[in-house]
Amino acid sequence: KRPPSTVIFDPNNKIHASFVAACACLRAVTCGVPIDRKAPRSDYAKLDIAIQAAKVKVKAFVQSDKKAQALKEQGDKGNAGNENKQLTFELSKEDIAKNILALVKQRAGDLAKAASILKCLPQEFEKDEDENYHVDALFAMTNCRASNYKLEPMDWITVKLKAGRIIPALATTTSAIAALQTIELVKLIAGVSIEDHKNSFLNLSIPILTQSEPSAAPIHKLTPKLTASLWDRWEIDLGLYDDI
């Protein structure tokens, strides 16, 4: 495999300038901020935006040993408290749904009120309109990634043609799979029985979605008092056994 290499931001690099300008303009359109430039897609405007971005001093990341130690102690404490304990819930599906909605409302607040206050304009990808900065952002990100891995850069029109074929299928399939996985993860956290879980078989080209109940993993009896399945994990300290 080809390892990536670090790329240092250079405002005079056309790809870097294109990336900063496209992302800034796309962000402005999404947040309803007017763009105070007559030709924001011109080379001069991109260079000017990149120069302004280069003036921003980003604070260097410094790993905190104290915070890492605190997180480790917190994790060890949680593991010790949960040892030999089985987490069980006696919740109905309706109660689980209500709890999830309550958590969402607690984090996001009143969604209807937030929509009227926040001027956020969702953007649907459209490759056939050159002035919406969508293809510009993809072009810049693609070539920045190519420079990371020392690959040949792609021209703007090639990115536009490939993006039109890949993004709809990728986004649709990925979002569907992620949603199905999230539903099963919520069930796992809630501790429902295996009968409430579902195996999903998805084919978006037909389209069809079928679901079935999963079966438990086979359990093998090793000794009269010891059983094991494929999901069991054994840890052996080799230092305790000289004959292994």
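Located above this text is the structure these notes cover.
Each value, and the rule that gives it
Residues numbered from 1 in each chain as written. Predicted model: local features only at pLDDT ≥ 70, side-chain atom pairs only at ≥ 80, totals over all residues. Heavy atoms only, no water. Helix = DSSP H or I, 4+ residues; strand = E, 2+ residues; numbered from the N terminus. Expected span 1.5 Å × (residues − 1). Disulfide = S-S within 2.5 Å. Buried < 20%, exposed > 50% of the residue type's maximum accessible area, 1.4 Å probe, protein only. Contact = heavy atoms within 4.5 Å. Pairing = 2+ DSSP bridges. Core = buried A, V, L, I, M, F, W, Y, C linked by side-chain atoms within 4.5 Å. Axes fitted to C-alpha atoms, helices over the stretch in contact; angles between N-to-C directions. Parallel < 35°, antiparallel > 145°, perpendicular 65-115°, else oblique. Nonpolar A, V, L, I, M, F, W, Y, C, P; charged D, E, K, R; others polar. Salt bridge = Lys/Arg side-chain N within 4 Å of Asp/Glu carboxyl O.

Examining helix H6 (residues 134–148)
Part 1: Relative to the 21 Å expected for 15 residues at 1.5 Å per residue, H6 spans 21 Å between its end C-alpha atoms, a close match to the ideal helical length.
Part 2: Count one or two residues on from H6 and you reach Lys150, which has phi positive near 55°.

A short note on the state of the cysteines
Part 1: In the structure shown here, the tally under the stated rule is 0 disulfides.
Part 2: Cys23 supplies the cysteine sulfur nearest to Cys25, a cysteine that is in no disulfide, at a spacing of 9.6 Å.
Part 3: Unpaired in terms of disulfides, Cys144 finds its nearest cysteine sulfur in Cys23, a separation of 8.5 Å.
Part 4: Cys144 sits in the buried class, given a relative accessible area of 18%.

Considerations on the environment of Lys93
Part 1: By the element assignment, Lys93 lies in helix H4 (residues 93–108).
Part 2: Look at Lys93 and you get exposed, because its relative accessible area is 59%.
Part 3: Spatially, the C-alpha atom of Lys93 lies 9.2 Å from that of Lys187, the residues being 94 residues apart in sequence.

A few points about the side chain of Asp136
Part 1: Note on placement: Asp136 falls in helix H6.
Part 2: Every residue in contact with Asp136, bar those within four places of it in the chain, is listed here: Ala22, Arg41, Asp130 and Trp156.

As for the environment of Ala163
Part 1: Tracing the backbone through its elements, the reader meets Ala163 in helix H7 (residues 156–190).
Part 2: A sequence separation of 24 residues divides Ala163 from Phe139, and the C-alpha atoms of the two residues are 9.4 Å apart.

Quick word on the pairing of strand S3 (residues 220–223)
Part 1: For S3 and strand S4 (residues 226–228), the ladder comprises 3 bridges, and the chain directions are antiparallel. Residue pairing across strands places Lys221 opposite Thr227, the latter belonging to S4.
Part 2: Between S3 and the antiparallel strand that follows it, S4, lie 2 residues.

Considering the environment of Leu209
Part 1: Note that Leu209 resides in strand S2 (residues 208–212).
Part 2: What makes Leu209 partly exposed here is its relative accessible area of 46%.
Part 3: In this view, Leu209 contacts Leu180, Ser200, Phe201 and Leu202; residues no more than four positions away in its chain are not counted.

A look at the nonpolar core
In a soluble, globular protein the nonpolar side chains are often hidden away together inside.
Part 1: By size, the foremost hydrophobic cluster in this structure holds 5 residues: Val20, Ala21, Cys25, Ile49 and Tyr133.
Part 2: Per-element accounting of this core gives the leading share, 3 residues, to helix H1 (residues 14–31).
Part 3: Not counting residues up to four positions away in its chain, the partners in contact with Cys25 are Ile35, Pro40, Ile49 and Tyr133.

Some details on the packing of H1 against helix H2 (residues 43–54)
Part 1: Running from amino to carboxyl end, H1 crosses H2 at an angle of 90°, the nearest separation of the two axes being 8 Å. Taken as axis vectors, H1 and H2 run roughly perpendicular relative to one another. Residues Ala17, Ser18, Val20, Ala21, Ala24 and Cys25 of H1 pack against Lys46, Leu47, Ile49, Ala50 and Ala53 of H2.
Part 2: In terms of residue class, the contact of H1 with H2 is built from 9 nonpolar, 1 polar and 1 charged.

Quick look at the pattern of salt bridges
Part 1: Overall, the coordinates contain 7 salt bridges when judged by the stated rule.
Part 2: Between Glu131 and Arg41 there is a salt bridge whose closest N-O contact spans 3.4 Å. Here Glu131 is found in the loop between helix H5 (111–117) and H6, whereas its partner Arg41 is found in the loop between H1 and H2, with 90 residues between them in sequence.
Part 3: Beyond isolated ion pairs, a larger network of salt bridges with shared partners links Arg41, Glu131 and Asp136.

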